Amino acid sequence: MSQSKFNRKLTQGFGIFLGVAIAVYILRGLQILTFIPGGIIAILFLVAIAFGFLSYIQRTWWRF
C-alpha cells in the first residue's frame, strides 16, 4: 500500500521530533546543554508521540 503525502509528512515529523528530543536529552545528560529545561524536552517527546499517533490513525483510517 502506498503512503499518502500527508502520512509521509507525519512520519517524517515523528522521526525529526523524536531524534531531536533524544539528542537534546543525551546532550543535557552529558552537561552540554544544561540551560534547556526538562519541560522543553518533555514537550518535544509529546509532540513526537502526537505525530506518531496521528500518522498511525491516518494510515489506518480508510478515507485517506
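Structure: above.
Quantities reported herein were computed from a predicted structural model and do not represent experimental measurements. (Residues numbered from 1 in each chain as written. Predicted model: local features only at pLDDT ≥ 70, side-chain atom pairs only at ≥ 80, totals over all residues. Heavy atoms only, no water.)

**Comments concerning the overall build of the protein chain**
Looking only at helices and strands, the protein chain has two helices and zero strands in total. The C-alpha radius of gyration computed for the protein chain amounts to 15 Å, which surpasses the reference 11 Å derived for 64 residues by more than 25%, pointing to a less compact arrangement than a globule. Within the protein chain, buried positions represent 19% of all 64 residues. Relative to all contacts within the protein chain whose residues are 6 or more apart in sequence, the contacts with residues 24 or more apart total 61%. (Helix = DSSP H or I, 4+ residues; strand = E, 2+ residues; numbered from the N terminus. Rg over C-alpha atoms; globule rule 2.2 N^0.38 Å. Buried < 20%, exposed > 50% of the residue type's maximum accessible area, 1.4 Å probe, protein only. Contact = heavy atoms within 4.5 Å.)

**Considering helix H1 (residues 5-29)**
Structural remark: α-helix, 3.6 residues per turn; residues separated by three or four positions point the same way. Across its 25 residues, H1 extends 36 Å between first and last C-alpha, which sits within 8% of the 36 Å expected from 1.5 Å per residue. Buried-residue contacts for H1 involve helix H2 (38-60). Two residues or fewer past H1, Gln31 is found with a positive phi of approximately 65 degrees. (Expected span 1.5 Å × (residues − 1).)

**So, unusual backbone geometry**
A positive phi is found at Gln31, a non-glycine position, where the angle reads about 65 degrees. Within the secondary structure, Gln31 is located in the loop between H1 and H2.

**Notes on the packing of aromatic side chains**
Considering all chains together, one arrives at two aromatic pairs under this definition. Ring geometry for Tyr25 versus Phe45: centroids 6.5 Å apart, planes at 70 degrees, classification edge-to-face. Of the two residues, Tyr25 is situated in helix H1 and Phe45 in helix H2; the sequence distance between them amounts to 20 residues. Judged by its relative accessible area of 53%, Tyr25 is exposed. (Phe/Tyr/Trp six-rings, centres within 6.5 Å; stacked < 30°, edge-to-face > 60°.)

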